[in-house]
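Residues per chain, in single letters:
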Amino acid sequence: MDVDIVCVGFGPATAGFLTTLSRQLVNTDGTPVVQSNVLPGMPPQVVCYERADDICFGVSGVVTRARALRESFPELEKAGIPMSAAVSEERVLYLLDPAGASRRSTVLRMVDAVIRATKFALPFENHALSLPWTPAFLHKCDGMIFSMGQLMQWVGTQVQGSGAVQIWPGTPVSQAIIEENKVIGVRLLDQGVDQKGNPADGFTPGMDVRAALTVVGDGPVGAIGQQLDTHFGLPNGNHVRDWAIGMKFVVDLAQDTPLKPGTVLHTFGYPEPEIFGFLYVHPDRVASLGIFVPSWFDSPARTAYRYLQHWMLHPYLWRYLKGGKLRSWGAKTLGESGRRGEPYLAGNGYARIGEGSGTTNVLTGSGVDEAWASGTQLAEAVLDLLKAKKTFTKQNLDEAYVKRRRSSWLEKESVVAEKSRDGFQRGVATGMLGMALAGFTKGRITLAREPAQPWKRIPSLEDYYSGRICPKDLAELREECKAKNISLHAALMDRVGWPAIPFDGQLLVSHQDALLMGGKVQAQHGYADHIVFQHPELCQRCGARLCIEACSGQAITPGQTGVPVFDREKCVHCGACLWNCSQVNPEDPDRMNIAFRAGTGGLHSAEN
Ligand SMILES: Cc1cc2nc3c(=O)[nH]c(=O)nc-3n(C[C@H](O)[C@H](O)[C@H](O)COP(=O)(O)OP(=O)(O)OC[C@H]3O[C@@H](n4cnc5c(N)ncnc54)[C@H](O)[C@@H]3O)c2cc1C
Ligand code: SF4
Ligand code: SF4
């Protein structure tokens, strides 16, 4: 099939691109502003393929200053987008450890002791210190809270209603078609294949879609972005090494909740010092809440699900959450390298937008508006090129798109944020200090240290639990969990003193129940496994087996052969396994032993 422009992924970046583009392809009298090259007489043919089964199945928190969104929709507040609210109150909280199980450094323990000793004079309640003010760089006071699913549904309806572009959900793109270093379109995923991708009953090879321009907005772990990074390399000095897994619940709060719509809480310090948390209140007593587990939390058993439950049970938060009911659940990777992870933004026949192009700002904790801004900038550039009858060469795209992006607020702010988190390479206290320095000096002073590749950071279980669990006990726990074919983290956390989760069947539910109740995970048959253990012999030698511990959907289990087993039916496509692997890929020191390819299925929830 031939089209003029093909887009990969419908996240906020592509939504911004298509919103701006679709408004300017047709004149008010219905004639095309410029003509299609593949269907003369018609406006340019624009198609977008989205992997998930619906355009509203994305996962995000979404508190945003919405600067770029408001430029596209000046009446954003009045648009009536379900679950949206203007930010009414912001609090930043340092959570102390009421369970006595978290792994705190000596410095942090001293800080905690001082806070507890002087708490009568501090804004301290329920084991939490409320910062007296929200630093300006974190502020979202003029912003809005959204549900990613509802926002994307609303935007998608507007875009498709224009009749100028088509969006196809449930249609993963398997690869970019590259000829002589030029991207000439995309190939869709094969159907009717076995788990390994071999033709089976009803085999239908993925269609080739040729286009003058391929817009890649497939997010932080997208297969097409990865393919382009490998093929074209990254600009000198850039690398993608900082990640986090964000896991969230959408919760119906109790009838008598004191939390007002628009409330924003940000937390740090607990359940482990490295884990950040968020709670945003939508209208009608609904809250989005969750945690981020970063790649610099050097635990070989870093699970998000169990930690999320301990975070919810922190006394400061639990008084708000008690009596609540799980409505939806989700997880997704966040690319935290920001500008340092920026790939070539444009090449012959293609352009990159959104988080996979390094837009996410780790200092301000925002990615949606930044992704959207990059999409609108590309759309303006494309319109200029179309009107000037210029082709989509690297040179023309650099002039029209990259130059625009470089002179925008997006670039200025991403430069300030670029090294703001480097302090975390040396520990949490240094990391917080580094963020504050970068924020207050607008990036002039940072505690710089080049981030290490994630696989280099993973200690052995024996080292990590040294002094807390003896090697003999560790070996026994390992064998017990292997015999049950389950991950190890729950047993480890129990052993070092984390209290049992008091399951209530409403909000505190088992991981498997969350998959059924909150995530509604599904996978169609006839597609290949998108998670591949590339060098099985490395898995057999692997000590930490972090992929199993960190898997958000319990889709990776130990198996019997020493090579983990992947179950597509449970995978939420969070992408965490891509960077939660402790063995380097022998072909590429910046990648690990797991391949995360394009695939179907995943979460079926429109509220995340
Ligand atoms: C739990 C969590 C909380 C967050 N909280 C906030 C917040 O409060 N504020 C904020 O501003 N940001 C937040 N973020 C970050 C924000 O969600 C991202 O920065 C933003 O979504 C990036 O947009 P994007 O369009 O670049 O990519 P994505 O949102 O990742 O969209 C990419 C799309 O491409 C699709 N795709 C991928 N591969 C393929 C393929 N091969 N074929 C077809 N489609 C494909 C994906 O399914 C997806 O829909 C949060 C993220 C998480 C995970
Ligand atoms: S995928 Fe990586 S972490 Fe998992 S068992 Fe294999 S080598 Fe170890
Ligand atoms: S297997 Fe699926 S659910 Fe598990 S970490 Fe990988 S992408 Fe996430």
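One structure accompanies this document, and this report is about it.

Cut-offs applied
Going along each chain's sequence as written, the residues are numbered from 1 onward. Both sets of labels track the order of writing: A upward for chains, 1 upward for ligands. The predicted origin of the model limits local features to residues at a pLDDT of at least 70 and limits the giving and counting of side-chain atom pairs to 80 or more, whereas totals for whole chains, interfaces and linings rest on all residues. With hydrogens and water set aside, each side-chain value is computed from the structure's full complement of heavy atoms. Starting at the N terminus, helices and strands are each numbered in turn, a helix being any DSSP run of H or I of at least four residues and a strand any DSSP run of E of at least two. As defined in this context, the radius of gyration uses C-alpha atoms, and a globule is described by 2.2 Å times the residue total to the power 0.38. Throughout this description, buried means an accessible area under 20% of the type-specific maximum (1.4 Å probe, protein chains only), exposed means over 50%, and partly exposed covers the range between. We call two residues contacting when some pair of their heavy atoms lies within 4.5 Å. All accessible-area figures derive from a Shrake-Rupley calculation using a 1.4 Å probe, and residue coverage is judged against the displayed protein chains alone. His is not counted, nor are the chain ends, whereas Lys and Arg count as positive and Asp and Glu as negative. By convention, charge coordinates are those of NZ in Lys, CZ in Arg, CG in Asp, or CD in Glu. Paired strands, in this sense, are two strands between which DSSP finds at least two bridges. Think of a nonpolar core as a cluster: buried Ala, Val, Leu, Ile, Met, Phe, Trp, Tyr and Cys residues, connected wherever their side-chain atoms sit within 4.5 Å. Stacked, tilted and edge-to-face pairs are distinguished by plane angle, under 30 degrees for stacked and over 60 for edge-to-face with tilted covering the rest, among Phe, Tyr and Trp rings (Trp via its six-membered ring) whose centres lie within 6.5 Å. If a single non-hydrogen atom of a residue is within 4 Å of a molecule or strand, that residue counts as near it. Amino acid classes used here: Ala, Val, Leu, Ile, Met, Phe, Trp, Tyr, Cys and Pro are nonpolar; Asp, Glu, Lys and Arg are charged; the rest, including Gly, are polar.

Let us now look at the overall build of the protein chain. Along the backbone of the protein chain there are 19 helices and 27 strands. Here the protein chain has a C-alpha radius of gyration of 24 Å; the compact-globule value for 608 residues is 25 Å, and the two agree. Projecting the C-alpha coordinates of the protein chain onto the three principal axes gives extents of approximately 75 × 55 × 45 Å. A burial count over the protein chain gives 58% of its 608 residues as buried. Restricting the contact set of the protein chain to residue pairs at least 6 apart, pairs at least 24 apart contribute 75%. For the protein chain, the computed accessible surface area is about 23,800 Å², with 53% contributed by carbon and sulfur atoms. The protein chain carries 61 positive and 62 negative side-chain charges, and their two centres are separated by 5 Å.

What follows concerns the pairing of strand E9 (residues 165-168). In E9, alternate side chains face the same way, and those of Val165 and Ile167 are buried while those of Gln166 and Trp168 on the opposite face are not. Sheet topology note: the strand E2 (residues 46-49)/E9 ladder contains four bridges and is parallel. From the neighbouring strand, Val47 faces E9, where its bridge partner is Gln166.

Quick look at the nonpolar core now. If you look at the biggest cluster of nonpolar residues, it comprises 78 residues, and the most contacted ones within it are Phe249, Leu279, Trp329 and Ile556. In contact with Phe249, other than residues within four places in its own chain, are Ala287, Ser288, Leu289, Tyr305, Leu308, Met312, Leu326, Ser328, Trp329 and Leu507. Of all hydrophobic cores here, the second largest spans 54 residues; its members include Ala13, Met148, Met152 and Trp154.

With that settled, the discussion passes to the sheet that holds strand E4 (residues 85-86). One open sheet holds the three strands; their spatial order is E3-E8-E4, and the pairing between them is antiparallel. Both outer strands of the open sheet, strand E3 (63-64) and E4, are each paired with one neighbouring strand and no more. Across two bridges, the pairing between E4 and strand E8 (residues 144-145) is antiparallel. In the sheet register, Ala85 faces E8, and the bridge partner there is Ile145.

Per the stated rule, a full pass over the model turns up 18 aromatic pairs. Plain terms: the ring middles of Trp243 and Trp579 are 6.2 Å apart, the flat faces sit at 5 degrees to each other, and that makes the pair stacked. Pair noted here: Trp243 is in strand E15 (residues 243-252) and Trp579 is in helix H19 (residues 576-579), with a separation of 336 residues, a long-range link. Aromatic side chains Tyr305 and Trp329 sit 6.4 Å apart centroid to centroid with 75 degrees between the ring planes, which places their arrangement in the edge-to-face category. Taken as a pair, Tyr305 in helix H6 (residues 305-312) and Trp329 in strand E19 (residues 325-335) lie far apart in primary sequence, 24 residues in all. Pairwise contacts between aromatic rings join Tyr270, Phe297, Tyr307 and Trp498 into one cluster.

This next bit is on the site of ligand 2. What surrounds ligand 2 is the set Phe533, Cys539, Cys542, Arg545, Leu546, Cys547, Pro564, Cys581, Ser582, Gln583, Asn593 and Ile594. For the shell around ligand 2, a count of residues per class yields eight nonpolar, three polar and one charged.

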